[in-house]
Amino acid sequence: MTKRFLATAAFVLLSSTVSATDIGTTFETACPFGDCAAGISLSYLGEFVIPTGHMENGVEFGGISGLDFDAATGHYIAVSDDRSERGPARFYELDVDLDASGLRGVSVVKQVTLKDKNGEPFAARTVDPESIRLGKDGIYWGSEGDGKALLAPFVRVASPDGSFVREFKLPEGFAPTADKSTGIRDNLAFEDLAIAPSGDVFVGVEAALYQDGPKSSLTSGSLSRIVRYDGVTSEPKAEYVYPVSPIPQAATKADGGNDNGMSEMLALDDHRLLAVERSYAQGFGNNIKIMMMDLTDATDVSAIASLAKNDQRVVPARKSQVLDLRAIGLVPDNIEAMSLGKAKDGTDVLILGSDNNFSTSQKTQFYAFKVLSRPQQ
């Protein structure tokens, strides 16, 4: 009954959505960075929407901020960024009804509570889950922390039932500080998590640490750090700079809010990743751009305490835009989740998901694309 309602309600809302993009429309970036071995080609498979307010097992569904594919079940895992306020911090197992002909539905298979180190559900506002990946030894997930409450971000591994397994070491300079001299900015911290085929784990901040410079503005970008971890030892191996772009759209009012940041990453191989640059302009909405980055020649900046007060030569990750959702005729919401996976018929797919912020003015939105080609080693 619940799952049927979910699919039906979402379909009704979806049917009223106007899109200029037809199923099967293809988008190709033949040579990102001028590297034709990095070419990627995608074909649009549709949109599916779950309206804000849907209840699942007595808890409001929403806040989808991370997504990954489980080849063992053919389902997807998705983390909610509910800070244990509407219900316990949790992730979902989702069934995505998708094949080469299009995206038809998304339904909840089960809901799993994330546990703290003591084996208990997280207390309210002690955690902010923002990312999730399926690793070799469990479920990897990240908490953004809370800059105002001086709550440090973290990345942990959980068992399938949500129990704590281990935690990755937080590098120097990331913990929040009361005087905002160093560390994460509030609500602009650990948003991004990716696992490379080698097992290395990449964790990115949405915008620059305080000591590294400003967050993005309409005229300048922001220098986000990406931490590369050894997935076995949980120890940091390197740090790289990802140059977040300036805010692409001004708010419609002079005093309106707007921003831009890196809201997700996805590893294509051991050095190429996709990144979501998600911006918002009050009165306009969201701009969502998918970038490809290459870390091959990027400088390891782990020994540089401040990028803003540095006289060493730093080479950031190369990046190249591969998809602009607005430019292809879509009207994206707050996209924070991205996963490669398999459709029901074995088609290789890329799926994007949005965090509705549990707001009635937003929605939980999924986009699907068939992967026609992707970078070659």
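From a predicted model like this one, the values you see are computed outputs, not experimental measurements.

Caption draft 1: Here's a closer look at the state of the cysteines. Evaluated as defined, the whole model comprises one disulfide. Each disulfide pairs two cysteine sulfurs, and for C31 the partner residue is C36, the sulfurs being separated by 2.0 Å. Since a negative S-S torsion denotes a left-handed disulfide, the C31-C36 link at about 90 degrees is right-handed.

Caption draft 2: Structural context of the pattern of salt bridges. Counted under the stated rule, the structure contains 26 salt bridges. The salt bridge involving R225 is made with D212; its shortest N-O contact spans 2.6 Å. Residue R225 is found in strand 15 (residues 222-229), and its partner D212 is found in the loop between strand 14 (201-205) and strand 15; the two are separated by 13 residues along the sequence. In this structure, R225 and D212 share a single accessibility class: buried. Ionic pairing is found between E277 and K319, a salt bridge with its closest N-O pair at 2.6 Å. Of this pair, E277 sits in strand 18 (residues 272-281) while K319 sits in strand 20 (residues 318-324); the two residues are 42 residues apart in sequence, bridging distant segments of the chain. A relative accessible area of 3% places E277 in the buried class. Where salt bridges share partners, they join R83, E85, R125, D128 and D146 into one cluster.

Caption draft 3: Fine view of unusual backbone geometry. Of note in the backbone geometry, F33 takes a positive phi value of approximately 60 degrees without being a glycine. By secondary structure assignment, the location of F33 is in the loop between strand 1 (26-29) and strand 2 (40-51). Owing to a relative accessible area of 22%, F33 belongs among the partly exposed residues under this scheme. Of note in the backbone geometry, K180 takes a positive phi value of approximately 60 degrees without being a glycine. Along the chain, the position of K180 falls in the loop between strand 12 (164-167) and strand 13 (190-195).

Caption draft 4: Spatial organisation of the confidence of the model for the protein chain. On average, residues of the protein chain carry a pLDDT of 94, and 95% of them reach 70 or more. Confidence drops under pLDDT 50 across residues 1-18; counting only partners more than four residues distant or on other chains, this segment forms 26 contacts.

Caption draft 5: Focus on the packing of aromatic side chains. Scanning all chains against the criterion turns up nine aromatic pairs. Taking the centre distance of 4.8 Å and the plane angle of 55 degrees together, the rings of F61 and Y92 count as tilted. In this pair, F61 sits in the loop between strand 4 (59-60) and strand 5 (64-70) while Y92 sits in strand 7 (residues 90-99), placing the two residues 31 residues apart along the sequence. You'll find F61 and Y92 in the same group, each marked buried. Here W141 and F154 contribute two aromatic rings whose centre-to-centre distance is 5.3 Å and whose plane-to-plane angle is 85 degrees, an arrangement assigned as edge-to-face. Here F154 lies in strand 11 (residues 154-158) and W141 lies in strand 10 (residues 138-143), a separation of 13 residues in the sequence. Across this residue pair, the class does not change: W141 and F154 are buried. Ring-pair connections join several aromatic residues into one group, and the members of that group are Y44, Y367 and F369. Here the basic side chain of R156 rests over the ring of F154, its NZ or CZ set 3.8 Å away from the ring centre.

Caption draft 6: View of the pairing of strand 17 (residues 258-267). Burial analysis of strand 17 places eight of its ten residues in the buried class, the great majority of the element. The pairing of strand 17 with strand 18 spans nine bridges and is antiparallel. Note on strand 18: the bridge partner recorded for G261 is R278. What sits between the antiparallel neighbours strand 17 and strand 18 is a turn of four residues.

Rules of the game
- Each chain carries its own residue numbering, running from 1 in the written order of its sequence.
- Totals for whole chains, interfaces and linings use all residues, but because this is a predicted model, local features are given only for residues with pLDDT of at least 70 and pairs of side-chain atoms are given and counted only at 80 or more.
- Note that the side-chain values use all heavy atoms of the structure and ignore hydrogens as well as water.
- For this text, the term disulfide refers to a pair of cysteine sulfurs within 2.5 Å.
- Salt bridges are defined as contacts in which a side-chain nitrogen from Lys or Arg sits within 4 Å of a carboxyl oxygen from Asp or Glu.
- For helices the rule is a DSSP run of H or I covering at least 4 residues; for strands it is a run of E covering at least 2, with both sets numbered from the N terminus onward.
- For every residue, the accessible area obtained with a 1.4 Å probe (protein chains only) is divided by the maximum for its type, and the residue is called buried under 20%, exposed over 50%, and partly exposed between those limits.
- Looking at any residue, its pLDDT shows the predictor's confidence there, from 0 to 100.
- Here, two residues are considered to be in contact whenever any of their heavy atoms come within 4.5 Å of each other.
- Pairing of aromatic rings covers Phe, Tyr and Trp, the last counted by its six-membered ring, and requires centre-to-centre distances within 6.5 Å; plane angles under 30 degrees mean stacked, over 60 mean edge-to-face, and any other angle means tilted.
- The rule for a charge over a ring is simple: NZ of Lys or CZ of Arg within 6 Å of the ring centre, and within 35 degrees of the ring normal.
- Strand pairing is defined by DSSP finding a minimum of two bridges between the two strands.

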